[in-house]
Each structure stands twice: as structure tokens, then as C-alpha cells.
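Structure at a glance
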Number of protein chains: 2
Amino acid sequence: MHILIIGAAGMVGRKLTDRLTADGRLGDREIERLTLVDVVAPQAPAGFAGAVETLTVDLSVPEAAPALVARRPDVIFHLAAIVSGEAEADFDKGYRINLDGTRYLFEAIRQEGLKGPYKPRVVFTSSIAVFGAPFPEKIGDEFFTTPLTSYGTQKAIGELLLADYSRRGFFDGIGIRLPTICIRPGKPNKAASGFFSNILREPLAGQEAVLPVSTDVRHWFASPRAAVGFLVHAGTLDLSRMGWRRNISLPGLSATVGEEIEALRRVAGEAAVKRIRHEPDETIIKIVDGWARDFDASRAESLGFVAETSFDDIIRAHVEDELGGTIG
Amino acid sequence: MHILIIGAAGMVGRKLTDRLTADGRLGDREIERLTLVDVVAPQAPAGFAGAVETLTVDLSVPEAAPALVARRPDVIFHLAAIVSGEAEADFDKGYRINLDGTRYLFEAIRQEGLKGPYKPRVVFTSSIAVFGAPFPEKIGDEFFTTPLTSYGTQKAIGELLLADYSRRGFFDGIGIRLPTICIRPGKPNKAASGFFSNILREPLAGQEAVLPVSTDVRHWFASPRAAVGFLVHAGTLDLSRMGWRRNISLPGLSATVGEEIEALRRVAGEAAVKRIRHEPDETIIKIVDGWARDFDASRAESLGFVAETSFDDIIRAHVEDELGGTIG
């Protein structure tokens, strides 16, 4: 089979590529061809027997999607987006990339199907940012989407388009709302959500980290490893089980910062915990206050999506996948 | 003040124009200027003292909206859309008019605001078609939008855009989901929902009508008069009371076809009821089976939106507004 990954150079895209090339298959079908696409050149994976093409493509250029789809991939992972902060700062860019780019892709698939039978699987990464406060402590599967960011708006529109294009038979699509990925590998970043990862990743590597909120802040998490598992499952699942409700909140772990820190203590000891410095930041406190804390993801669970159930597991996944099993 | 009505030649647009010109004001502000726009030339209202401009405009042409918005109307009623059946039959046309047209309008307002301070009120008519079965017997204010038509998808996307453009401060918008309008004036039409009006309007005029479903079918209604009342209220309401949740299901009357017929009997007598011929139509039965039956519109009620509470009132409104008070 032929798999196209759009957004292949991002953190999740790279991990998905690694997983697919390691497995050599998606579900019960062998992967013969990979097309890896991003706005910066994705790296070709090492040790993959099949054909690999890496392309630098801006999906918001109208001609880009038709050229990709003309290759007729069997499965398309659409992970490309600019993030929340950037979509809020640059209104035009957010709509151009997150909305127009997605619509160009969906429409290119439809147009390709008009040339001859073609109905790929499309896996679209949406976001819990489609929900906006106030919401219940646990957000259920039938709660409405009232985003409070342009990014969340663009994702919610992508979900609606995906469901309609699927219903009309143009492709077989699923939109998955990923929890906040933790522990994000790499360097500390300035995203408002960065500290959730920083306060674990940095101490595990022997570095100091800053905690800008109180320890009772609760949020919704899954590991990068779980995120890749979600994508692979979404790429193989029988979607007729979803009817036309093709967008779904995925399972995650609802945990407080305090619970994160206790897990760090259990896995890495008191010395690691001592590397966290409390430095309240009113701006971040205010932003995070509007975020979802917990979800009832029964529907996704019944469809076989699985996430971690403890922060100990999330930390251990990081130590295994990023630190070669060793705590610094 | 200056009011722009897009979709002014449609049934609701014409009734809104009549109401505004009869009142001479919207809320506490005098109407000095009306711009009436549709894909077919709207009629200029008789007996209106202010300036009137009627324009034939296709909103799906990118240049159309900027030219309209350059006139800087204070209030914009955006009623223009192609209907559900047509949007389902012609995928491209539906997206072009119902989605692109709406987005061009919203974006034109934003661009106009970049030239100099400008923040009009925007009233967007959405639809209960944003909801898709299965749903609860009474659809609440926080139920999710999973449309089962392209029309419903396009309206749901319009709602998301309206909320985001309002949140970003580009205009002050409200999206209102109208109940099914009953009794629609005019001739019987072939819309699947047509019979709800036909079985009242035709007998009231001394004509026969066909009932294609059973009398226990339940649906959600408001009169054309109530619809105009909704629009006027939406044009004047203090929208800060809505926060950023700017889209809302309006009040209506949940009634069965049997209740419609009983009201007809009370208002117009047994002779009128005898003009209804039962002729089951499996296609229509199946379509209508997927429609919403009832809503909890508490939020709209608390914001002051008011609909009829009995079918007798709906029928009487029709007799007064369309038949000059006389039953045929």
C-alpha cells in the first residue's frame, strides 16, 4: 500500500513515519510506498525497504494538493497545521493553512475520484481546542464545539468538512482530537502548554524546569507513543462503525500537575522533583484556566483507541523512547 | 441607520423588508437607508421615506461582498442560501454559495474594518439542519452539530466563522437557527417539508392538499411572522449577553401533524379538514423520520426570543397576514 503523510516533519509526523517503517505494514497490508510531505523537507527514514519520496510542499497553495493526490495514496495522514498561538497572531495565515489547505486536500481527493474510482482513507488530526469554556468537568462525546481560538475554529470546520466529504462518499475519513501530547521531546518551548512537558523532561535530563501554575491545575494528556498508536488505529479501523459521526475525542489521562510531579518522584526520585522551580506566571495561569480538564471518551474507547492510564506510564514511555532507558 | 438585507427577494427577506419599512426603525434607531440584495432583483418597498437601493448580486462572486460592504451598513441581515435539496444535488454550488459566499461577506467586513473603524451587526440565518440524527427527543442548547446534509454542514461552518469573526472583533454577529417556517405562503412546493404548510394553507384557501406522512409525525415550527420577529430582535439585542457563543436554536412550537389538523379544525372547521387527502409517500416518510422533533430553546427564550405556543396562533397569523383575515 501507499501512504501519504502531510506534516511529516513535525514531531508526531516523524514518530509516525518511524513506526510505519519499523512495522513495514499498516494493519494487514504491507507498505510499499511512502510519500512524506511538509513545508520543510522531511527526512527519509532509514532502513525502509519500500519506495520513499520526500517533498517540500505548502498545502495552502491551491496546486499542491492535486499534485499529491494524483499519486493516489491508499491512506492519507493529514497532520499539517500551524499551531494555536500562530493562528491567533496571524489571522490570514491560520485560515489559509489550517482551513484552506485542508479544504484543498479534501477537494483534490474528490476531483481525483471524478477521474476514476478512488476513495482513500483520510486521517485528520483535530484538537480538543474545538471545545471552548465554559464546559463540564468531563466533556462528553455529544458536547458542542464552541472554540475560543481561530485554530480551534479551523479544526472544527475541518471536522465538518471531513464528515460531509465522507458521507458523500468522496473518501473514508476520521477526525481525531488528540489530547495534549506529554512528554513532548526536544527543547523547552514557549507554548503556554509547554510546562506540562518541561517539568518532566528537563528534570529527567538533569536540568531545571519552571512551573508557572499551581499543582492543582488539571489537564488531559497522552504520550507521543500513544498518539502514534491512535493514528495507526485510525488508519486501519472499520469506519462504518462510526456512522457519519466521523470526529471523535480520543482517550487520554486526566491528571493534575501535582500528580505529574508525584509520578516523577516515583520514577526518578526526589532529586528530579527538586529541579522544578515554582514561578507563577499570571498570563499562563489565565490561559490554562480556560482549558479542558477531563473527557468522557467512551466512544473512542469502544472503537478500540487506547491511551496511558497513569503518568508513571507516560514518563516510562519517554525514558524508553527518548532517553534510551536511562534517567539523567 | 443603514440596513443591508442579503437574500431580500426570498420569502423571509420580503417579509423582513415589509416589517422594517412599516416600522421605519430598528430598535430605537430610525432607518434612513435600505440596501436590498438578491440573485434576482428584490422589489423596492412601497411607502418608505428613506433611501432604497435594490441590487442583483451573486454573493459567491468574490468581488460582490466588498462592493456591498463598502456602503458601510450598520446592520447586515444575511439570509441568502440555496436550500437543502439543491445543495445536496449540486455539491459545488452548495459550497460556493452557502460557504464561500458567507465567508466572502465576513471577510469583506473585516477588510473594510482595516480601512477605518467599522463593526456592523451581522444577523446570519442558520438552520436546525446543523443537527443530525440520532438526537434526543428535545435537542438542548449544548448538543453537538453533526449535520447529515451538505446544507447543514455549510450552515454549521457559517456559524463557526461567525463566532470567530465576532470574537476577534471584526463584527458583532449572531447566528439564529430558525424552526421550519409554517405556514409558508405561496404555492405548494416539492420540498420534502412542503406538506407541513400545504395541509393548512391549501384547505384554508378552499383547495385540496396531500398529506404524505402519518399524523403522529412531530416537528418544530414557527410562523413567518415569528421569523421576522426573530430577525428584528437579533438585530437589536445586546449580544454581549451571549459571550462568544453566538449561535442559537430559536424557540418554536413542537407539534404533530395531528395537532396541526386539530388546530385547522378549530380555526376553519370540518370542511377545511376534509380537504386533506392522506397519500403515504415512503420517500418523504423516510426523509422526515430523520428530522428534529423538539428543542429546548431556553437560552434563546432567556434572551427574549418569542415564538407561537399553539398551532391555532400559527394559523391565525397566516389568515391575518396572507388572507386578509378571511378563510376561503
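Criteria and cut-off values
- Residues numbered from 1 in each chain as written.
- Chains lettered and ligands numbered in written order.
- Predicted model: local features only at pLDDT ≥ 70, side-chain atom pairs only at ≥ 80, totals over all residues.
- Heavy atoms only, no water.
- Domains from an automatic or database assignment.
- Contact = heavy atoms within 4.5 Å.
- Buried area = accessible area lost by both parts, 1.4 Å probe.
- Buried < 20%, exposed > 50% of the residue type's maximum accessible area, 1.4 Å probe, protein only.
- Helix = DSSP H or I, 4+ residues; strand = E, 2+ residues; numbered from the N terminus.
- Right-handed = clockwise from strand over helix to strand, strands pointing away.
- Pairing = 2+ DSSP bridges.
- Axes fitted to C-alpha atoms, helices over the stretch in contact; angles between N-to-C directions.
- Parallel < 35°, antiparallel > 145°, perpendicular 65-115°, else oblique.
- Left-handed = near helix turned anticlockwise from the far one by under 90°.
- Nonpolar A, V, L, I, M, F, W, Y, C, P; charged D, E, K, R; others polar.
- Least-squares fit on C-alpha atoms with pLDDT ≥ 70 in both.
- Salt bridge = Lys/Arg side-chain N within 4 Å of Asp/Glu carboxyl O.
- Polar contact = N/O pair within 3.5 Å; in protein donor to acceptor, adjacent residues only side chain to side chain.
- Expected span 1.5 Å × (residues − 1).
- Bend = angle between axes of the 7 residues up to and from the residue.

1. Structural notes on the domain arrangement of chain A
Many authors give the size of an interface as the accessible area that is lost as the parts come together. Residue and element names in this part refer to chain A. Split by domain assignment, chain A resolves into domain 1 (2-178 + 223-249) and domain 2 (194-220 + 252-295 + 308-322). Spacing between the C-alpha centres of domain 1 and domain 2 amounts to 28 Å. Each partner contributes to the interface: domain 1 provides 12 residues, whereas domain 2 provides 15 residues. Roughly 1200 Å² is buried in total at the junction of domain 1 and domain 2, and carbon and sulfur atoms are behind 50% of that figure.

2. Some words on the pairing of strand 8 (residues 172-178) of chain B
All names here are of chain B. Among the seven residues that make up strand 8, six are buried, leaving the element largely enclosed by the rest of the structure. Following the backbone out of strand 7 (residues 121-127), through helix 5 (residues 150-167) and into the adjacent parallel strand 8, one traces a crossover that is right-handed. Across three bridges, the pairing between strand 8 and strand 12 (residues 247-249) is parallel. Of the residues in strand 12, the one forming a bridge with isoleucine 176 is isoleucine 248.

3. So, the packing of helix 1 (residues 11-23) of chain A against helix 7 (residues 224-236) of chain A
Residue and element names in this part refer to chain A. Contact pair helix 1 / helix 7: the axes reach a minimum separation of 9 Å and the direction vectors enclose 65°. In this view, helix 1 runs roughly perpendicular relative to helix 7, as classed from their interaxial angle. In this structure, helix 1 meets helix 7 at a crossing whose hand is right-handed. Contact with helix 1, carried on its side by Met11, Val12, Lys15, Leu16, Arg19 and Leu20, involves Pro224, Val228, Gly229, Leu231 and Val232 of helix 7 and no other residues of that element. In terms of residue class, the contact of helix 1 with helix 7 is built from eight nonpolar, one polar and two charged.

4. Overview of the relation of the copies chain A and chain B
Superposition record for chain A on chain B: RMSD 0.0 Å, screw rotation 180°, translation along axis 0.0 Å. With respect to symmetry, the two chain copies, as superposed, fit the operation of a two-fold axis. Taking the C-alpha atom as reference, chain A places Phe144(A) closest to the rotation axis, 2.0 Å from it. With an isologous cut-off of 70% or more, the 100% of interface residues of chain A that recur at the interface of chain B puts this contact in the isologous class.

5. Section: the interface of chain A and chain B
Between chain A and chain B, the contact holds 35 residues from the first and 35 residues from the second. With both sides pooled, the region where chain A packs onto chain B buries about 3000 Å², and carbon together with sulfur makes up 52% of that total. In this structure, the connection of chain A to chain B is made through eight salt bridges. The salt bridge involving Glu88(A) is made with Arg167(B); its shortest N-O contact spans 2.8 Å. At the surface where chain A touches chain B, the tally comes to 27 residue pairs in polar contact (both at pLDDT 80 or more).

6. Describing helix 4 (residues 91-115) of chain B
Taking 1.5 Å as the rise per residue, helix 4 of chain B with 25 residues should run 36 Å; its terminal C-alpha atoms sit 35 Å apart, in good agreement. The sharpest bend along helix 4 of chain B comes to roughly 30°, located at Asp100(B).

7. A look at the pattern of salt bridges
By the definition in use, this model includes 60 salt bridges over all chains. The salt bridge partner of Glu86(A) is Lys93(A), with a shortest N-O separation of 2.5 Å. The class for Glu86(A) is partly exposed, based on a relative accessible area of 33%. Each of Glu88(A), Asp164(B), Arg167(B) and Arg168(B) takes part in a single network of salt bridges with overlapping partners.

8. Focus: the side chain of Arg167(B)
Position of Arg167(B) relative to the elements: it lies in helix 5. Look at Arg167(B) and you get buried, because its relative accessible area is 17%. Side chain to side chain, Arg167(B) and Glu88(A) meet in a polar contact 2.8 Å long. Setting aside anything within four residues of it in sequence, one finds Arg167(B) in contact with Glu88(A), Leu148(A), Thr149(A), Ser150(A) and Trp244(B).

9. Notes on the sheet that holds strand 5 (residues 51-56) of chain A
The strands that make up a sheet pair up through hydrogen bonds in the backbone, lying either parallel or antiparallel. Residues and elements named next belong to chain A. Strand order in the open sheet made by the seven strands is 5-4-1-6-7-8-12, with parallel pairing throughout. Among the strands making up the open sheet, the edge pair consists of strand 5 and strand 12 (247-249). For this sheet, the mean inter-axis angle between neighbouring strands, taken without regard to orientation, is 15°. When strand 1 (residues 2-6) meets strand 6 (residues 75-78), the two strands line up parallel, connected through four bridges. The residue of strand 6 that forms the bridge with isoleucine 6 is histidine 78. Contacts from helix 1 reach strand 1, strand 4 (33-38) and strand 6 within the one sheet, and its direction differs from that of strand 1 by about 165°.

10. Points about the sheet that holds strand 13 (residues 253-256) of chain A
All names here are of chain A. Spatially, three strands are ordered 9-11-13 in an open sheet, and the strand pairing comes out mixed. The open sheet is flanked by strand 9 (180-181) and strand 13, the only strands paired with a single partner. Relative to strand 11 (residues 218-222), strand 9 runs parallel, the two being bridged by two bridges. Each bridged residue has a counterpart across the sheet, and for isoleucine 181 the counterpart in strand 11 is alanine 222.

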